[in-house]
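# Tertiary structure, described
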Amino acid sequence: MDAFLISGPCRVSGSLAVSGAKNAALPAIAAALLAERPVALDRLPPVADIRTMKRLLSGMGVALSGEAPATVTLDASRLASTEAPYDLVRTMRASILVLGPLLARFGEARVSLPGGCAIGVRPVDLHILAFEAMGARVAVEKGYIHAHVSRVGPQRGRLTGATVRFPQVTVTGTENVLLAATLARGVTTIENAACEPEVVDLAALLSSMGARVSGAGTPTLVVEGVDALHGTPQPHAVLADRIEAGTYAAAAAITGGDVTLLGARGEDLPAFVAALGAAGADVAPCDGGLRVSRSGPLRPVDVETAPHPGYPTDLQAQWMALMTQAGGTSRVVETIFENRFLHAAELVRLGAQVRVEGHTAFVTGPSRLEGATVTASDLRASAALVLAGLVAEGETLVRRIYHLDRGYAAMEQKLSSLGARVSRVEG
Ligand code: EPZ
């Protein structure tokens, strides 16, 4: 099983190109199921989750050509199956994003329940409730979601536009309903919709395919259903990965380095950029990206995760790693997921001072970290352990980095290009 061997301490400097966003690419791939003509996507990140999603669609009969990050074309004009099998869905929860498009285009879908993951139970009850509000009949049996739209009566196999009010913000729930609403009969209004940039990017793709969407990026999304969607007139380039950018920005801040993130947009990470500045880093837009450096001492800054434009939960673990080097105690509050502090115990193994009390972690620094063997538990926790390894004295072995490979393209190459000593080993 692959591991990263990191020799620290180091100081990262230079520039790197930010890859396309995994969390924009996954719904974009699912959107291809809606179209009767080919959909072309650019800048898909070459990461495991994207390969899984492509395999899922290919298994349904979608014709795919091209390899990320070059243009990938998906042709769903003829489908052989409307099933998302357990063996694929269990490895990647975002497979649930095929449910909306399959229901909208074919009036039926059989999708395995995703199951939980390390950071939480992660139910999909809000997705199901939304589709029932749009006229779907949904039964959950033997670990599968069986959904269909009656072919008899007024529906005639087509979803009906509805007002869907989410009791709590759900990113893929918003995306799933947005995808389905494009072909529903009538108007769908999503209230308390997610405002993440990835939702805005999906709306832009769907609009280029002929969908009628307004309000993307606001808590109220309105979709007027159309009879059919065409393909993309030209390839849609998914937006830059703001979480990847934030992760490397944290690498610059924690090592006292200076990194230019080509393609990154500060406006996609307002709360993170504000926290980074308050902690003593310099964050400045530069032509084509964002430059992040830190020369003075790190100051403790509290963060509390929240839906966009609040502080992103996907940068919580990275912030905890950074705060181990700040002069004082900071509070890291996780409000989105119930179990997203698994990296805390591993950071303590490196010498960090972290105390977890419920949804709050208290981090005291600066701590002198010492290299050790640590184990990744989930995608962003593994990134936090890599960040800590960059400043730990000696060698740090981060095990189970298959978690990292799900969402970060070529991390060892990117860090090495910035002067870090990171190699992929058997571990
Ligand atoms: C998306 O997950 C992201 N994944 C996650 O990124 C991200 O952490 C999360 O949004 C929050 O920003 C993708 O976009 C593929 P949610 P999602 O539905 O949509 C509860 C990463 O590291 N909930 O917004 O699954 C849920 O349990 C990943 O790249 C329900 O209760 O998250 C959570 O507590 C990790 N019922 C909260 O809502 C539902 O039906 C927010 O979850 C749906 C969600």
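The present account deals with the structure reproduced in this document. Being a predicted model, the structure only gives us computed values, none of them experimental.

### Re the nonpolar core
Val98, Leu178 and Leu206 are the most contacted members of the largest nonpolar core, which has 79 residues in total. Ranked by the residues each element gives to this core, the list is headed by helix α1 (residues 22-31), at seven residues. Beyond its immediate stretch of four places on either side in the chain, Val98 contacts Leu33, Met53, Leu56, Leu57, Met60, Ala84 and Val111. Judged by nonpolar contacts, the second largest core, of 70 residues, contains Ala245, Ala250, Val303 and Leu347.

### Some points on the site of the ligand
Close to the ligand lie 23 residues; Asp125, Thr170, Thr172, Asp314 and Ile336 are nearest. In this structure, Pro123 approaches the ligand through a main-chain N or O atom, which is 3.3 Å from an oxygen atom. Taking Asp314, its side chain carries an N or O atom lying 2.6 Å from an oxygen atom of the ligand. A total of 820 Å² of accessible area belongs to the ligand in isolation, and the protein chains cover 89% of it. Elements with a minimum of two residues in the shell around the ligand: α1, α5 (125-133), α6 (171-181) and α12 (379-391). For the shell around the ligand, a count of residues per class yields 10 nonpolar, six polar and seven charged.

### Considerations on α5
Those residues of α5 not exposed but buried are Leu126, His127, Ile128, Ala130 and Phe131. On the buried face of α5, the contacting elements are α4 (99-106), β8 (137-141), β9 (144-148), β10 (163-165) and α6. Of the residues one or two after α5, Gly135 is the one with positive phi, at around 100 degrees.

Quick notes on the rules
Residues numbered from 1 in each chain as written. Predicted model: local features only at pLDDT ≥ 70, side-chain atom pairs only at ≥ 80, totals over all residues. Heavy atoms only, no water. Core = buried A, V, L, I, M, F, W, Y, C linked by side-chain atoms within 4.5 Å. Buried < 20%, exposed > 50% of the residue type's maximum accessible area, 1.4 Å probe, protein only. Helix = DSSP H or I, 4+ residues; strand = E, 2+ residues; numbered from the N terminus. Contact = heavy atoms within 4.5 Å. Near = heavy atom within 4 Å. Polar contact = N/O pair within 3.5 Å; in protein donor to acceptor, adjacent residues only side chain to side chain. Areas by Shrake-Rupley, 256 points an atom, 1.4 Å probe, with all protein chains shown as cover. Nonpolar A, V, L, I, M, F, W, Y, C, P; charged D, E, K, R; others polar.

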